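Analysis of the macromolecular model
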Amino acid sequence: SAVNLEYLSIALEARRRGNREPLFSLDPIVDVASQAFDRRCCMLRKRFEPAWLAGTSVGEVLFQADYYLKELSMGEYEQPIIGMKNCHELCAG
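Residues numbered from 1 in each chain as written. Predicted model: local features only at pLDDT ≥ 70, side-chain atom pairs only at ≥ 80, totals over all residues. Heavy atoms only, no water.

Looking now at the state of the cysteines. Inspection of every chain in the model, using the stated rule, returns zero disulfides. Free cysteine: Cys-87, not disulfide-bonded; nearest cysteine sulfur from Cys-91 at 6.1 Å. On the accessibility criterion, Cys-91 (73% relative accessible area) is exposed. (Disulfide = S-S within 2.5 Å. Buried < 20%, exposed > 50% of the residue type's maximum accessible area, 1.4 Å probe, protein only.)

It is worth spelling out the pattern of salt bridges at this point. Considering all chains together, one arrives at six salt bridges under this definition. The partner of Glu-49 in a salt bridge is Arg-20, and the shortest N-O contact between them spans 2.8 Å. Of this pair, Glu-49 sits in strand 4 (residues 44-49) while Arg-20 sits in the loop between helix 1 (5-18) and strand 1 (23-28); the two residues are 29 residues apart in sequence, bridging distant segments of the chain. What makes Arg-20 partly exposed here is its relative accessible area of 32%. (Salt bridge = Lys/Arg side-chain N within 4 Å of Asp/Glu carboxyl O. Helix = DSSP H or I, 4+ residues; strand = E, 2+ residues; numbered from the N terminus.)

On to the packing of helix 1 against helix 2 (residues 57-73). It is at 9 Å that the axes of helix 1 and helix 2 come closest, and there the two elements cross at 95°. Judged on the interaxial angle alone, helix 2 and helix 1 are roughly perpendicular. Contacts between helix 1 and helix 2 pair Glu-6, Tyr-7 and Ile-10 from the former with Ser-57, Val-58 and Val-61 from the latter. Considered class by class, the residues forming the contact of helix 1 with helix 2 number four nonpolar, one polar and one charged. (Axes fitted to C-alpha atoms, helices over the stretch in contact; angles between N-to-C directions. Parallel < 35°, antiparallel > 145°, perpendicular 65-115°, else oblique. Contact = heavy atoms within 4.5 Å. Nonpolar A, V, L, I, M, F, W, Y, C, P; charged D, E, K, R; others polar.)

Next comes the structure, spelled out in structure tokens:
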């Protein structure tokens, strides 16, 4: 099987520098003063750990994968595995 050497190199560098795996999360923006999430605001921020992953090919792949998984969980696409349910189907029982 093929391995993308650029992705591997960046992931290993993240591990070497920070002793942890690369991480991406799409987080709600919180009011810094009150530390509360304003439900009227639907803005999200990209969070990369380590921060230098932003702007790299691995950072972009992590972002795209996270976004796609969120779309799958919300029922935007047909589930790729038979029997897998989105969050709406799970809530309905």
